[in-house]
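Each chain, written out:
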Amino acid sequence: MSPPERVAPRRLRKSTTREPIIQEPDVHESGEVHGTPGSVEATEAAEPEATRRAAGVTESSRANRGWWDRNADEYQIEHGTFLGDDRFVWGPEGLDEVEAELLGPPEELKGKDVLEIGAGAAQCSRWLAAQGARPVALDLSHRQLQHALRIGGSIPLVCADAGDLPFADASFDLACSAYGALPFVADPVQVLREVRRVLRPGGRFVFSVTHPIRWAFPDEPGPEGLSVSGSYFDRTPYVEQDEEGQAVYVEHHRTIGDRVRDVVAADFRLVDLVEPEWPTWNTSEWGGWSPLRGNLIPGTAIFVCERD
């Protein structure tokens, strides 16, 4: 799942989607989706207030499950063309796994068991399946996985929290996450430890997140987004909350050093840290990501980790 549009310090704009772009499927006929569906009914409510405050594991998980269930339709309408149905894109820069080969050469993926975390509509898993791998697509949001059913394919879909993976030890050869889970969880080490647990010895986990330096700048694609407006070292979560102070969206900031220490604390070995440059062909904007900013500061950080 690529990133949503974090719009601090502005308020999150309301969804413009009037009708869902999918029909509610009969999961017994369309595919297997494990978990409890979230509510996707359109409701008129005041726009959430953007703030910076503490947010724990339970609150973050509950808020983000609800946010993605409510916004999955609009997200797929706005970004589905860029993401494609069966591409593996690591972030808004458009770095494609076909060229990056961060999971390994495509010809070596055949027969590998792969877990995609924060899969969204399972675009990356669909690409992996086309290479002969055996992917499983996991996401916190039931509505996002319904979009995976809409697009189609025979990929197993699992609705679960990344901090409590419903798989046996050593179930997978590889794991990947394109902006999934880790930017949104209060305890990233718990997620990393869970991923390590389900990986086989020698397994690789590759994940992308918003580049930490981005947190020091306004989330704007134009010139106003090029001046530092906050401390890079302020780890206070970004929270959008309703009128009663209940979080409806949470994003957590970690510095580069924090991310490295998290990887080490989970007993992974960090083998590469990729900071994709903005390519000349990409003229699109995605929230605060843009060619203007991308040519000056990094927007994405990709961590390549291995289990010894």
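Scroll up to find the structure this text is about.
Each residue is numbered by its place in its chain's sequence as written, counting from 1. Given that this is a predicted model, residues contribute local features only at a pLDDT of at least 70 and side-chain atom pairs are listed and counted only at 80 or more, while totals for whole chains, interfaces and linings are drawn from all residues. Hydrogens and water are ignored here; the side-chain numbers use all heavy atoms of the structure.

1. Topic: the environment of G132
- Only DSSP runs of H or I with at least four residues qualify as helices, and only runs of E with at least two residues qualify as strands; both kinds are numbered from the N terminus onward. One can find G132 in the loop between α4 (123–130) and β4 (134–139).
- Taking relative accessible area as the criterion, G132 reaches 29% and is therefore assigned partly exposed.
- Counting along the chain gives 24 residues from G132 to E108, while the straight-line C-alpha distance between them is 9.0 Å.
- Residues are treated as being in contact if the distance between any of their heavy atoms lies within 4.5 Å. The contact partners of G132, leaving out residues within four places of it in the chain, are L109, K110 and G111. Whether a residue is buried, partly exposed or exposed follows from its accessible area with a 1.4 Å probe, protein chains only, as a fraction of its type maximum: under 20%, in between, or over 50%, in that order.

2. Details of unusual backbone geometry
- Positive phi is not limited to glycine here, since Y179 has a value of about 60°.
- Note on placement: Y179 falls in the loop between β6 (172–178) and α6 (188–198).
- Accessibility expressed as a relative area gives 0% for Y179, which makes it buried.
- The phi angle at D267 is positive, at roughly 70°, despite the residue not being glycine.
- By secondary structure assignment, the location of D267 is in the loop between α7 (256–265) and β10 (269–274).

3. Points about the side chain of D219
- In this fold, D219 is placed in the loop between β7 (199–210) and β8 (238–241).
- At a separation of 2.4 Å, a polar atom in the side chain of D219 contacts the side chain of R214. Think of a polar contact as two N or O atoms within 3.5 Å of one another; within protein, one of them needs to be a possible hydrogen donor and the other a possible acceptor, and neighboring residues in sequence only count if both atoms come from side chains.

4. Examining the pattern of salt bridges
- Salt bridge, as used here: a side-chain nitrogen of Lys or Arg that lies within 4 Å of a carboxyl oxygen of Asp or Glu. Inspection of the entire model under this criterion finds 17 salt bridges.
- Taking the shortest distance from any N to any O, the salt bridge between R53 and E59 comes out at 2.9 Å.
- Across the salt bridge formed by D258 and R235, the nearest N and O atoms sit 2.9 Å from each other. A residue pair is termed long-range when its members are at least 10 positions apart, and D258 in helix α7 and R235 in the loop between β7 and β8 qualify at 23 residues.
- Residue class for D258 comes out buried when judged on its relative accessible area of 7%.
- You can call R235 partly exposed: its relative accessible area is 36%.
- Ionic contacts of the salt-bridge type, sharing partners, join the residues D113, R134, D173 and R200 into one network.

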